Each structure stands twice: as structure tokens, then as C-alpha cells.
Amino acid sequence: MRVSFGGASGKELATTCKNASKLADAYATALDAAGATEADFDIEGDPLGDSKSVAVRSKAIALLQRQRPEVRVSFTLPVMPHGLNKDSRAVLKSANDSDVQVSAVNIMTMNYGSSYDGDMGTYAIKAAKATHGQLKKIFGLSSEDAWNGLALTSMIGVNDVDNETFTLPDAAQVRSFAEEKDIAWVSMWAAARDRQCARGKAKANVAQTDCSGIKQRSGAFAEAFSG
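Residues numbered from 1 in each chain as written. Predicted model: local features only at pLDDT ≥ 70, side-chain atom pairs only at ≥ 80, totals over all residues. Heavy atoms only, no water.

Per an unreviewed UniProt entry, the chain goes by the name Hydrolase and belongs to Streptomyces vastus.

Right under this line is the structure:
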């Protein structure tokens, strides 16, 4: 089980707790409550550019891992087809400089913007290739280790950005690429959306929270990603 901290909504802990020791304790408490030893830090929106919270988070995670060496850490970050932006790279550089042991970087292959209106599977692969090179540089990894430490999360079906729809063939394309490169994992946002919308609910370029917005069998994306 992996506990995810942060996300697009609410207050990210590092922006409200300025003490690294107390922040590490808060992370530990959440892990204990879930009985988990894996922690993911989903950093997006304003916290990405908040250098103070980035620094205290890195110190807290490093302290947590010193206290609990079994804790595996991943980061979930926004991406573009040309890779991670400078703020996302700064998050990873800060973690590395603080001696955080990062097991994986999970890139959100979605929400690129209205100028990206092509094939979402191809965009995901372009983003993965660009991020792979960045991970090699930031962490000093071999090509193989950088692939092994990269994960991809796609928003299935109609995305919440105009002109972006991630299809079942896109999922199969991403799965094939992931198998070829032996990446850490592929996943989707979100499992509850892996079904066809009820009649009259699906709307063009409007993402629903409980269905994909495209014609599909229930669970079809899970099958496509898993092979």
C-alpha cells in the first residue's frame, strides 16, 4: 500500500508545517494509520514553485527515511511532452541534495494544454523519454535505472483540458512502451472512471468523475494497461 501526500486540492502538509521534524512525524503517523511503508508525494500547483516548502519537505522525508529505512518514496509530478519543467526538476534536485532515496518518479501524462491536440499515447511516450533523460542527469542514474525508476499515470477517457482524450488504443500503446523499457508502473486517473457514462451524461471536453466519457466496457482501461 502506498500513501499519497499532496495532490491538486487542499493544503499540502509542507506548506502548513514549517518544522522538518514535526513534518516527518506527521508523515509517519499517516503511514502507521494505513499500515504502509510506501509514501508518494504528489506535488502540483502552487506548492511546486514554493521553494521554502520544497526544502522543508525534502528535509522531513530524509529524516523519515533515516528513522525508517524501509520507507520507499516516490514523487508524482506534472509533465509536458518535452519533460519536467524547472519547478518539478527543482523538487527532485532538492530531494536528491537532502539524500532522500527516491524509488520512483511518477509523471502525470495529462493536462498539457489546448495547444496539444494530437495523439495522447504518443505524447505520453514523448514525455517519458524526455523525463528519462532528466532523471539520469538529476540522480546520476544509468539509462536502465532511470527507466526502472519512472512511472506513468494517464487520465483515461475525456480529460479536463479541451482536445485531450486518452483512448483504449493509447493505453495499449503506453503499456507496450512500458513493457519494452521495463518502467516502474503504469496507472490511471482514476479507477472509478473506468466505465462508460450513463446516457446523456457524457459531454464533449467535459471530464466526469465517475466515468470516462467514451464508449467502453467497464474495466477496459485496466485490461488495456495490464495486458
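Following the structure, the description resumes.
So, about the overall build of the chain. Within the chain, the regular secondary structure consists of eight helices and eight strands. A globule of 227 residues ought to have a C-alpha radius of gyration of about 17 Å, and the chain, at 18 Å, matches this closely. Each of the three principal axes of the chain carries a C-alpha extent, and together these read 50 × 35 × 30 Å. Taking all 227 residues of the chain together, the buried fraction comes to 46%. Contacts in the chain between residues far apart in sequence, at least 24 positions, make up 73% of those at least 6 positions apart. When the accessible area of the chain is evaluated, it comes to approximately 11000 Å², of which 48% is carbon and sulfur surface. (Helix = DSSP H or I, 4+ residues; strand = E, 2+ residues; numbered from the N terminus. Rg over C-alpha atoms; globule rule 2.2 N^0.38 Å. Buried < 20%, exposed > 50% of the residue type's maximum accessible area, 1.4 Å probe, protein only. Contact = heavy atoms within 4.5 Å. Areas by Shrake-Rupley, 256 points an atom, 1.4 Å probe, with all protein chains shown as cover.)

Attention shifts here to the packing of helix α5 (residues 120-139) against helix α7 (residues 168-181). Axis separation between α5 and α7 bottoms out at 8 Å; the angle between their running directions is 30°. In terms of orientation, α5 and α7 fall into the roughly parallel class. When the axes of α5 and α7 are compared, the crossing they make is right-handed. For the pair α5 and α7, the contacting residues are Met120, Gly121, Thr122, Ala124, Ile125, Ala128 and Lys129 in the first and Asp170, Gln173, Val174 and Phe177 in the second. Tallied by class, residues from the contact of α5 with α7 come to six nonpolar, three polar and two charged. (Axes fitted to C-alpha atoms, helices over the stretch in contact; angles between N-to-C directions. Parallel < 35°, antiparallel > 145°, perpendicular 65-115°, else oblique. Left-handed = near helix turned anticlockwise from the far one by under 90°. Nonpolar A, V, L, I, M, F, W, Y, C, P; charged D, E, K, R; others polar.)

Turning our attention to the packing of aromatic side chains. In total, this model carries ten aromatic pairs according to the counting rule given. An angle of 75° between the planes, with centres 4.9 Å apart, marks the rings of Tyr27 and Phe41 as edge-to-face. Placement of the pair is Tyr27 in helix α2 (residues 20-34) and Phe41 in strand β2 (residues 38-42), with a sequence separation of 14 residues. By the burial criterion, Tyr27 is buried, and Phe41 matches it. Taking the centre distance of 5.7 Å and the plane angle of 75° together, the rings of Tyr112 and Tyr123 count as edge-to-face. Here Tyr112, found in the loop between β4 (102-109) and α5, pairs with Tyr123, found in helix α5; they are eleven residues apart in sequence, far enough to count as distant. A residue is classified by how much of its surface remains accessible, and Tyr112, at 5% relative accessible area, is buried. The exposure class assigned to Tyr123 is buried, which follows from its relative accessible area of 14%. An aromatic cluster is present here, built from Phe5, Tyr27, Phe41 and Phe75 joined pairwise through their rings. Just above the ring of Trp185 sits the side chain of Arg2; from NZ or CZ to the centre is 4.2 Å. (Phe/Tyr/Trp six-rings, centres within 6.5 Å; stacked < 30°, edge-to-face > 60°. Lys NZ or Arg CZ within 6 Å of the ring centre and 35° of its normal.)

So, on to the state of the cysteines. Enumeration over the complete set of coordinates arrives at one disulfide. Each disulfide pairs two cysteine sulfurs, and for Cys197 the partner residue is Cys211, the sulfurs being separated by 2.0 Å. In this structure, the disulfide formed by Cys197 and Cys211 twists by about 90° around the S-S bond and is classed as right-handed. Of this pair, Cys197 sits in the loop between β8 (185-189) and α8 (220-226) while Cys211 sits in the loop between β8 and α8, and the two are 14 residues apart along the sequence. For Cys211, a relative accessible area of 2% corresponds to the buried category. (Disulfide = S-S within 2.5 Å.)

Per the counting criterion, the structure on display carries seven salt bridges. Its salt-bridge partner being Glu12, residue Arg57 comes within 3.0 Å of it at the nearest N-O pair. With Arg57 in helix α3 (residues 51-67) and Glu12 in the loop between β1 (2-6) and α1 (13-16), this pair connects stretches of sequence that are 45 residues apart. No difference in accessibility class separates Arg57 from Glu12, as the two residues are buried. A salt bridge links Glu179 to Arg175; its shortest N-O distance comes to 3.6 Å. With Glu179 and Arg175 both in helix α7, this residue pair falls four residues apart, about one helical turn. (Salt bridge = Lys/Arg side-chain N within 4 Å of Asp/Glu carboxyl O.)

This part takes up the nonpolar core. Residues Tyr27, Phe41, Phe75, Leu77, Leu92 and Ile107 are the most contacted members of the largest nonpolar core, which totals 62 residues. Non-local contacts of Tyr27, meaning those with residues more than four positions away in its chain, are made with Phe5, Glu12, Leu13, Ala14, Phe41, Arg57, Ala60, Ile61 and Leu64. (Core = buried A, V, L, I, M, F, W, Y, C linked by side-chain atoms within 4.5 Å.)

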